[in-house]
Amino acid sequence: MNINDPKLTAYTLGELSEADRVAMERTVAESDEATKFVAETQELAQLLRREFRAEIDAAARKPRNILPLPEPKSFWPDARWRSIGVAALFAVGCVVAAVLLSGLWPAEPRLSSASRTDPGLQMEVMEDERVGLAPNSSRQARPFNADTKSGENQFVPVSTNPISTFAINIATASYAEVRKMIDSGTTPPRDSVRIEEMINYFPYEYPQPQGDAPFSINLEAATCPWTPHHRLVRIGLKGRGDRQEQAAIAKDVKVEVEFNPTQVASYRLLGYETRFPRRNDPTNQSPADAVVQSGHAVTALYEVIPLQDGDTAADKLQTSANLLTVKLHHKHPITGKSAMTEQALTDAGTPFREASADFRFAAAVAHFGMVLRNSPHKGDGTLAALLEWAQESSGPDNSGERAGFIELARKAQKLPF
Amino acid sequence: METRTAEAAADLPELLRRFELPLLQYATRIIGDRERARDVVQETFIALQRARRGQFDHAPAKWLFTVCRNRALNVCRKERRMIYLDHELLETRATEEPAAFAQIEQKEAAGFLLRIVATLPPRQQEVLQLKFQNDLSYQEIGEITNLSANHVGVLLHTALKTLRERYGQTSRDFISFIPRTAL
């Protein structure tokens, strides 16, 4: 009896047909190894059931926002009105679809007719599906510290908010969406251009962490190419191991970027606008149970305005020449033991052209997003300029993706802006 | 038409009571985001409300989990979430050495096994949850996840094997967390 046979597990879990079960029962009885296997598997199954049940019970104690669903009969009191109502709703749906598809409708949360009777009910995603909208127009969270006009993060003064944060597990869909639109000759709407997603679409060379740490923190600063009296900072976090494994390496991962008030006047996080509904509060973050998988990497860019001589600073002590410190809080995926990995960045005043190729390429991608969004912060940069930065930093480009980006930026030059 | 909707509505509170939390836990595991999962579960029940009774008559669990799963995967696809991937690396799993874990400070009985579950590939986590949290059969799990019952069986067998190994290992003290890939 081979205990590596999945049929043995099936037998233990009562999944075999009666005939097979009877046959297996006899076979198991004849083998000590199989008998032991079955007993252990049953024990494990019991333990799993118990813990999974406990998980439900724990969830039951948490507050949850699934509200009672609206009563269908409160909509339309009369069958006659109901059929008229359905027809009217369908007509409205068609009009809404037409308006949305023509791009005139502003991208903001939409409330369906149902939610007008029950205002607490979030139904904007239902509306999306009914009118078959493009994938990027789903729910809009309140933007983080964003200027409502540009929809972008603004410069934050370090004196009031020295700590910033960003999400570790993010999507990367925006780049492909933007590419599709540009390929078809359409100017992408501002809200579909998500800079952090575009930056993170491309892989960067980050070293594996040393020693016990599950992450390496990679920091680099250079001149901001679109506004040369600003600095640009790249923060790259790389998780230990091979991406293919999909093994969890840490949970409850939170990053804190603390800017030095003696060195920095203000900073601006590029992208990540919809990730956090609240201001710079690292304790109030998106999914608290953020699990990071092996080999995961994330890159964030900050545009930094350094403190100039003559700026008023309460005490410019020059105690440390660090521009910022990155602190990565994380917990062991199984034991839950908390740990923190830390790295500080000293700005050596490196000019842009001397920054690493990955840095310059990421900057080009970020700036591409800013130009597409017609960002108020795009400074001197143009598509032509970022094309140059990208061309000079495309490197070996084994996947050809960087070449693809260069081609995309060229195509974008033909779009009306 | 009227009577059918009324019937479905009558069952709704009961189905909500029975399945709201299991679906929430299920969707959260797929999406990795509790808030998004709440939305998905809400949509699932709204779809249930609108569905004709005939559609899910004898197997409301299977219908609910299938609908919930499709919507959750949609969220993952739209947002290119990295947590849930579609392919299963069954072959490579079997030949790898299990990882050693850091010294356990306190091995709590509750939740400990689930923490090990959380380190398994997403697909294995999913079938474990459907089997042991929701008591669904191989066949039902197969229909929900678009796999053959056999494939489900193989996934569960592998998952349990890995769990057994890792759970057993953590009861022996290991000091350092050895990375799975040689640096």
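Calculation rules
Residues numbered from 1 in each chain as written. Chains lettered and ligands numbered in written order. Predicted model: local features only at pLDDT ≥ 70, side-chain atom pairs only at ≥ 80, totals over all residues. Heavy atoms only, no water. Pairing = 2+ DSSP bridges. Helix = DSSP H or I, 4+ residues; strand = E, 2+ residues; numbered from the N terminus. Core = buried A, V, L, I, M, F, W, Y, C linked by side-chain atoms within 4.5 Å. Buried < 20%, exposed > 50% of the residue type's maximum accessible area, 1.4 Å probe, protein only. Salt bridge = Lys/Arg side-chain N within 4 Å of Asp/Glu carboxyl O. Phe/Tyr/Trp six-rings, centres within 6.5 Å; stacked < 30°, edge-to-face > 60°. Lys NZ or Arg CZ within 6 Å of the ring centre and 35° of its normal. Expected span 1.5 Å × (residues − 1). Arc of directions from axis to C-beta. Contact = heavy atoms within 4.5 Å. Axes fitted to C-alpha atoms, helices over the stretch in contact; angles between N-to-C directions. Parallel < 35°, antiparallel > 145°, perpendicular 65-115°, else oblique. Left-handed = near helix turned anticlockwise from the far one by under 90°. Nonpolar A, V, L, I, M, F, W, Y, C, P; charged D, E, K, R; others polar. pLDDT = per-residue confidence, 0-100.

Draft legend 1. Layout of the pairing of strand 10 (residues 338–346) of chain A. Residues and elements named next belong to chain A. The pairing of strand 9 (residues 322–331) with strand 10 spans 9 bridges and is classified as antiparallel. Of the residues in strand 10, the one forming a bridge with histidine 330 is alanine 339. Counting the residues between successive antiparallel strands, the hairpin from strand 9 to strand 10 contains 6 residues, one of them, glycine 336, with a positive phi of roughly 80°.

Draft legend 2. Looking closely at the nonpolar core. In terms of nonpolar packing, the biggest core is built from 68 residues, with Leu48(A), Phe45(B), Leu128(B), Phe132(B) and Leu163(B) touching the most fellow members. Looking at which element gives the most residues to this core, the answer is helix 1 (residues 2–31) of chain B, with 11 residues. Residues Leu270(A), Ala355(A), Phe368(A) and Leu415(A) belong to the second largest nonpolar core, which totals 42 residues.

Draft legend 3. Quick peek at the pattern of salt bridges. For the structure shown, the criterion picks out 25 salt bridges over all chains. Taking the shortest distance from any N to any O, the salt bridge between Asp135(B) and Arg49(A) comes out at 3.9 Å. Of this pair, Asp135(B) sits in the loop between helix 6 (122–132) and helix 7 (138–145) while Arg49(A) is found in helix 3 (residues 32–61), placing the two residues in two different chains. For Arg49(A), a relative accessible area of 28% corresponds to the partly exposed category. When the shortest N-O distance is used, the salt bridge between Lys411(A) and Glu407(A) registers 3.6 Å. Remark: Glu407(A) and Lys411(A) occur in helix 11 (residues 401–412); sequence separation between them is 4 residues, near one turn of the helix.

Draft legend 4. Representation of the packing of aromatic side chains. Residue and element names in this part refer to chain A. Taken as a whole and judged by the stated rule, the model has 18 aromatic pairs over all chains. Look at phenylalanine 259 and tyrosine 302: their rings are 5.3 Å apart centre to centre, the planes differ by 70°, and that puts the pair in the edge-to-face class. Of this pair, phenylalanine 259 sits in strand 5 (residues 248–259) while tyrosine 302 sits in strand 8 (residues 297–306); the two residues are 43 residues apart in sequence, bridging distant segments of the chain. By the burial criterion, phenylalanine 259 is buried, and tyrosine 302 matches it. Taking the ring centre of phenylalanine 155 as reference, the NZ or CZ of arginine 268 above it sits at 5.9 Å. Lying across the ring of phenylalanine 361, arginine 402 places its NZ or CZ 4.3 Å from the centre.

Draft legend 5. Seen up close, unusual backbone geometry. One non-glycine residue, Asp397(A), lies in positive phi territory at about 50°. Summarising the element assignment, Asp397(A) is placed in the loop between helix 10 (383–392) and helix 11. The residue Asn146(B) is not glycine, and still its phi comes out positive at about 65°. On the basis of relative accessible area, Asn146(B) is assigned to the exposed category, the value being 70%.

Draft legend 6. Looking closely at the pairing of strand 4 (residues 231–239) of chain A. All names here are of chain A. Extensive coverage of strand 4 is indicated by the burial of 9 of its 9 residues. Going residue by residue along strand 4, you find Arg231, Val233, Ile235, Leu237 and Gly239 tucked away on one face and Leu232, Arg234, Gly236 and Lys238 tucked away on the opposite face as well. In the sheet, strand 3 (residues 215–223) pairs with strand 4 via 9 bridges, with the strands oriented antiparallel. Paired with isoleucine 217 across the strands is leucine 237, a residue of strand 4.

Draft legend 7. Region of interest: helix 11 of chain A. Residue and element names in this part refer to chain A. With 12 residues, helix 11 should reach 16 Å at 1.5 Å per residue; the first-to-last C-alpha distance of 16 Å fits that figure. Listing the buried residues of helix 11 in full gives Arg402, Phe405, Ile406, Leu408, Ala409 and Ala412. Looking down the long axis of helix 11, one finds its buried residues gathered within 160° of arc, a one-sided arrangement. Elements that come into contact with the buried residues of helix 11 comprise helix 7 (173–183), helix 9 (357–372) and helix 10.

Draft legend 8. How the structure looks around the packing of helix 3 (residues 60–79) of chain B against helix 7 of chain B. Residue and element names in this part refer to chain B. Two elements in contact, helix 3 and helix 7, have axes whose closest approach is 8 Å; the angle formed by their N-to-C orientations is 30°. Between helix 3 and helix 7, the crossing angle belongs to the class labelled roughly parallel. Where helix 3 crosses over helix 7, the two elements pack in a sense that is right-handed. When helix 3 is examined against helix 7, the residues Lys62, Phe65, Thr66 and Arg69 are found in contact with a partner set consisting of Glu140, Glu143, Ile144 and Thr145. In terms of residue class, the contact of helix 3 with helix 7 is built from 2 nonpolar, 2 polar and 4 charged.

Draft legend 9. Highlighting the confidence of the model for chain B. Residues and elements named next belong to chain B. For chain B, per-residue confidence averages 74 on the pLDDT scale, and residues scoring 70 or more make up 69% of the total. The least confident element of chain B, judged by mean pLDDT, is helix 4 (residues 90–95) at 30; the most confident is helix 7 at 95. Throughout residues 1–6 the model reports pLDDT below 50, and contacts reaching past four residues in sequence, or to other chains, amount to 3 contacts. Counted against residues more than four places away or in other chains, residues 172–183, with its pLDDT under 50, gives 29 contacts. Here the prediction assigns the complex a pTM of 0.54, and the interface score ipTM is 0.75.

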